[in-house]
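The primary structure of each chain is shown beneath.
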Protein chains: 2
Amino acid sequence: MENIAPFELTQEYLERFREGVESKDDAFIRNSLESARHEDVSALLEEFNAEESKYILGLLEKEVASDVIEDLDDDTRIKFFTVFQPEEIAEYIEGIETDDAADILNDLPVKIREEVIANLGNDEKANFIIELLRYDEDCAGGLMAKELIKANVNWNVVQCIDEIRRQAENVEKIYSVYVVDDNDKLLGRVSLKEIILARSSAKIADIYNSEIIAVYTYQKEEEIADLMQKYDLEAAPVVNVQGKLVGRITVDDIIDVITEMADQERKLMAGIAEDVEEDDSVWVLSRARLPWLIIGLLGGVIGARFIGFFEEDLLRVASLAFFIPLIIATGGNVGIQSSALVVQSLAAISIFESSIWQKFIKTVFVAILNGVVLAGLVYVFVFFSYSSTLAFVVSIALFSVVMLASLMGTMVPLLFNKLGFNPALASGPFITTTIDLLGLAVYFTVAHLLYSF
Amino acid sequence: MENIAPFELTQEYLERFREGVESKDDAFIRNSLESARHEDVSALLEEFNAEESKYILGLLEKEVASDVIEDLDDDTRIKFFTVFQPEEIAEYIEGIETDDAADILNDLPVKIREEVIANLGNDEKANFIIELLRYDEDCAGGLMAKELIKANVNWNVVQCIDEIRRQAENVEKIYSVYVVDDNDKLLGRVSLKEIILARSSAKIADIYNSEIIAVYTYQKEEEIADLMQKYDLEAAPVVNVQGKLVGRITVDDIIDVITEMADQERKLMAGIAEDVEEDDSVWVLSRARLPWLIIGLLGGVIGARFIGFFEEDLLRVASLAFFIPLIIATGGNVGIQSSALVVQSLAAISIFESSIWQKFIKTVFVAILNGVVLAGLVYVFVFFSYSSTLAFVVSIALFSVVMLASLMGTMVPLLFNKLGFNPALASGPFITTTIDLLGLAVYFTVAHLLYSF
């Protein structure tokens, strides 16, 4: 066994490698990348500019260079390709599986994309890529690759093995052989294990498994991720509406989907408007953050106006102002907790949904319990530190805010989900800003009423 | 091909099925579950109590029933097992792969666990499970299964196929055959594809691939998830410190790890203290939410005390109170955005970390940009609506709060990470409560100073 981390990217390695690149020491570069996996070379290239990377890639075997390009960060690859001619891009695309090739081409300007496709030497591959470009990126058609092994149901095992041999170069990971009829309609699958254990003369018709989970080209990626996770699938065949086998989705793509979904949810919850990463420029990072900050600011300005209505109460009882932070912070915390639980329950695969009514009733009970505990604690504190009236005002207001925030935090994500928005949007600044305003309204209304008596 | 959703769990189906269970109609139950996958039966059993489920499971083939039990929600399974005898549990455990079996036994009381193991008919399996129980659940040893196919490097392909045949029942998904020497030391692997394409007389020694990524038993699950995601692995062999092959981790377990990590992060960001789900009891849900709410409350109470110091300023200029919500809401929003970006960058696989200094400087620039825009907007609004002094106070305070919140939101998660806490903990109520207090301090100090002139 090789070492577990066969190739280690250290700061020292990077320095030495950079010297090699600067002095154009071809032999040294080739040598030091020999034991590297393509994923590691991609990570390394992130540290070099487009021209340098082009030079390094030129020293690798075409096959490896293709894999390296496929594995690059999207932004880096786009920057890279600005120094490549369409013919050069086409050469690398030849070595990339169709699903990734289509994704890469999708990021290029239309003119360059067309030129690259025109320059592809392999006509079948070009047609496959053109087919895949038709699909939305977030549905099965956009996720699937054309590379797969299929066997006609009338074949025997030897014919099937011949097909595997013929396609061995194109299909890196096989998992299963898909069984189709003469019209390419998907009938089932045979696992590689079954092929190994079957007699060579065995008919595919006799050994294939017709209990198979396939997805339609139009199914959404979230749905496919759920399905593949639930049924522990390492690959799923994709069929068109006529049931014809058109492609295959592998589990590595689904892991990427799951990671991206979690990423996007985190951004929505944090109120970040664009798909940014920490290493983007100061300008991009600021731009992604400002929209929600400005919306929050608007909420604050409305809040200021609102409190203004109660200026006289404040001038009489300044201590009313003391508890503004407590009221709105608790409202925000309760709202975020509620919405996070709903978002989680919406993300979980569940078959028999409890009705909206059941959720509503449970929410009310949890809110009452939390509200009573929090209001009780605050009552005691304010009673002993300030006055009984203020204690009454603050605890009544706090209880109401907990109730309101729980309900909004639960219902708004459900509503968003029904309307087709991502419910995580309702766990972010949107919900906290709304609840801030509601909390202020409740607090000052209660205070005004009680102090008027 | 069968239908894509071969078995549909509808409300109507559930009603009919429930009638069948109540009238103990064995034939009907067997019949209606015939085309169901075990995952679907598990979902169905969530709707029945332990006694009913035991009865339903008794009607299934032992093999299928084992799979159903393995697929149940952990809480449900624990409830279930209260109505089973240890011998009965042992019978089902026989049909479950060792990694899942060990996880299931880990959830049982020690006495029952021991009795179940003592009742296992298969001694090898019992020993495997005892071995796996030794490992922490969140490291490679706790994730791996003992089921795998290994071939001695001196074998030929026919011997290897014989081994696959011998183990075919035990190892559901093979992916690769691992190649070991006479001491069980891992040397490499042969994919099933290569076995199919090799001549039967070929020596394993000549066809195996020694470039293999293995993990050590002690490696953490997050690390393994990163590794398998980065290198698109569908399975990873696990070795002990001597390099001996001791198990295998498959991608379905890694997908579960990734999902759980995202789940946990969501809870930390939302300030939920326990691993709860929406369908837990009102009591459990409230208990999980109260700790952070009470900490937030404590923050609010300290805030109240703090504002109290400035009561005289407030009685002079009540409009100071108007902007409390704006200041603390913006601080909270900025803090959460900053920490979410850091948490994301910590979760991403990156090799050449930019230094803390670089992060610090970038954070400062983004904060200045955001701070200037927000403070500018607020200045204009307050200037025209209230007074120039107040405009000055609010915008200076807002700018300072944006700076502070950015820095804290960036640095606290990094610090947490260094100290071995989950950095997502610093994106939740912890950071917002701290920033609320800091924001108030800045606001009232600035106000006090400026109004004193």
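Residues numbered from 1 in each chain as written. Chains lettered and ligands numbered in written order. Predicted model: local features only at pLDDT ≥ 70, side-chain atom pairs only at ≥ 80, totals over all residues.

1. Section: the overall build of chain A
Phase 1: On a plain count of helices and strands, chain A comes out with 23 helices and 6 strands.
Phase 2: Here the C-alpha atoms of chain A give a radius of gyration of 30 Å, more than 25% beyond the 22 Å that 2.2 N^0.38 yields for 453 residues.
Phase 3: Projected onto its principal axes, the C-alpha positions of chain A cover 95 × 60 × 45 Å.
Phase 4: Residues classed as buried in chain A amount to 43% of the 453 residues present.
Phase 5: In chain A, 69% of the contacts between residues at least 6 apart in sequence involve partners at least 24 apart. (Helix = DSSP H or I, 4+ residues; strand = E, 2+ residues; numbered from the N terminus. Rg over C-alpha atoms; globule rule 2.2 N^0.38 Å. Buried ≥ 20, exposed ≤ 12 C-beta atoms within 10 Å, placed from the backbone. Contact = placed C-beta atoms within 7 Å.)

2. A few points about the pairing of strand E3 (residues 186–191) of chain A
Two faces belong to every sheet, and in a regular strand the side chains alternate between them.
Residues and elements named next belong to chain A.
Phase 1: The buried fraction of E3 is high, at 5 of 6 residues.
Phase 2: Where strand E2 (residues 176–180) meets E3, 5 bridges bridge the pair, whose relative direction is antiparallel. Of the residues in E3, the one forming a bridge with Val180 is Leu186.
Phase 3: Counting the residues in the hairpin turn of E2 and E3 gives 5 residues, including Asp184, whose phi is positive at 70 degrees. (Pairing = 2+ DSSP bridges.)

3. Here's the deal with the confidence of the model for chain A
Should pLDDT be low for a region, the predicted coordinates there are not to be read in detail.
Phase 1: When pLDDT is averaged across chain A, the result is 89; 96% of the residues are at 70 or more.
Phase 2: As scored by the predictor, the complex reaches a pTM of 0.87 and an ipTM of 0.86. (pLDDT = per-residue confidence, 0-100.)

4. What about the packing of helix H3 (residues 38–45) of chain A against helix H5 (residues 62–71) of chain A?
All names here are of chain A.
Phase 1: Relative orientation of the contacting elements H3 and H5 amounts to 60 degrees, with a least axis distance of 8 Å. As far as their axial angle goes, H5 and H3 are oblique. Our pair here, H3 against H5, has a crossing hand that is right-handed. Contacts between H3 and H5 involve His38, Glu39, Val41, Ser42 and Leu45 on the former and, on the latter, Val64, Asp67, Val68 and Asp71.
Phase 2: A per-class count over the contact of H3 with H5 returns 4 nonpolar, 2 polar and 3 charged. (Axes fitted to C-alpha atoms, helices over the stretch in contact; angles between N-to-C directions. Parallel < 35°, antiparallel > 145°, perpendicular 65-115°, else oblique. Left-handed = near helix turned anticlockwise from the far one by under 90°. Nonpolar A, V, L, I, M, F, W, Y, C, P; charged D, E, K, R; others polar.)

5. Brief notes about the relation of the copies chain A and chain B
The pair of chain copies shares a relation made of a rotation about an axis and a shift along it.
Phase 1: Of the transformation superimposing chain A on chain B, the axial component is 0.0 Å and the angular component is 180 degrees, with the fit at an RMSD of 0.1 Å. Put plainly, the chains are arranged around a two-fold axis. If distances are taken from each C-alpha of chain A to the rotation axis, the shortest is found for Leu315 of chain A, at 2.6 Å.
Phase 2: With an isologous cut-off of 70% or more, the 100% of interface residues of chain A that recur at the interface of chain B puts this contact in the isologous class. (Least-squares fit on C-alpha atoms with pLDDT ≥ 70 in both.)

6. A look at the nonpolar core
Phase 1: Among the nonpolar cores identified, the biggest contains 122 residues, and Ala321 and Leu398 of chain A together with Ala321 and Leu398 of chain B are the most heavily contacted of them.
Phase 2: With residues up to four places along the chain from it excluded, the contact list for Ala321 of chain A reads Leu314 of chain A together with Ile307, Leu314, Ala321 and Ile324 of chain B.
Phase 3: Ranked by size, the runner-up nonpolar core spans 88 residues in total, among them Val238 of chain A together with Val215, Met228 and Val246 of chain B. (Core = buried A, V, L, I, M, F, W, Y, C linked by C-beta atoms within 7 Å.)

7. Remarks on the interface of chain A and chain B
Phase 1: Every contact between the two is made by 110 residues of chain A and, on the other side, 110 residues of chain B.
Phase 2: Broken down by element, the side of chain A that touches chain B gets its largest block of residues, 17 residues, from helix H17 (residues 282–308) of chain A.
Phase 3: Within the side of chain A that touches chain B, the residues separate by chemical class into 67 nonpolar, 23 polar and 20 charged.

8. Overview of the domain arrangement of chain A
Phase 1: Taken as a whole, chain A is organised into domain 1 (11–137), domain 2 (150–256) and domain 3 (270–452).
Phase 2: If you average the C-alpha positions of domain 2 of chain A and of domain 3 of chain A, the two centres end up 50 Å apart. (Domains from an automatic or database assignment.)

9. Observations concerning the packing of helix H20 (residues 324–347) of chain A against helix H17 (residues 282–308) of chain B
Phase 1: Look at H20 of chain A against H17 of chain B: their axes get within 8 Å of each other, and the N-to-C directions meet at 160 degrees. If you check the angle between H20 of chain A and H17 of chain B, you find them roughly antiparallel. At the point where H20 of chain A passes H17 of chain B, the crossing takes the right-handed sense. Where H20 of chain A approaches H17 of chain B, its residues Pro325, Leu326, Ala329, Thr330, Asn333, Val334 and Gln337 of chain A are matched on the opposing element by Arg289, Trp292, Leu293, Gly296, Leu297, Gly299, Gly300, Val301, Gly303 and Ala304 of chain B.

10. A word on the sheet that holds strand E1 (residues 150–152) of chain A
Residue and element names in this part refer to chain A.
Phase 1: One open sheet accounts for 3 strands, arranged E1-E2-E3; its pairing is mixed. Looking along the sheet, the strands with just one partner apiece sit at the ends: E1 and E3. Adjacent strand axes in the sheet meet at a mean angle of 35 degrees, parallel and antiparallel pairs treated alike.

11. Quick notes on the sheet that holds strand E3 (residues 186–191) of chain B
All names here are of chain B.
Phase 1: If you trace the 3 strands from one edge of the open sheet to the other, you get E1-E2-E3, paired in mixed fashion. Across the chains shown, the open sheet's two edge strands, defined by having one partner strand only, are strand E1 (150–152) and E3. Direction aside, neighbouring strands of the sheet carry axes that sit 35 degrees apart on average.

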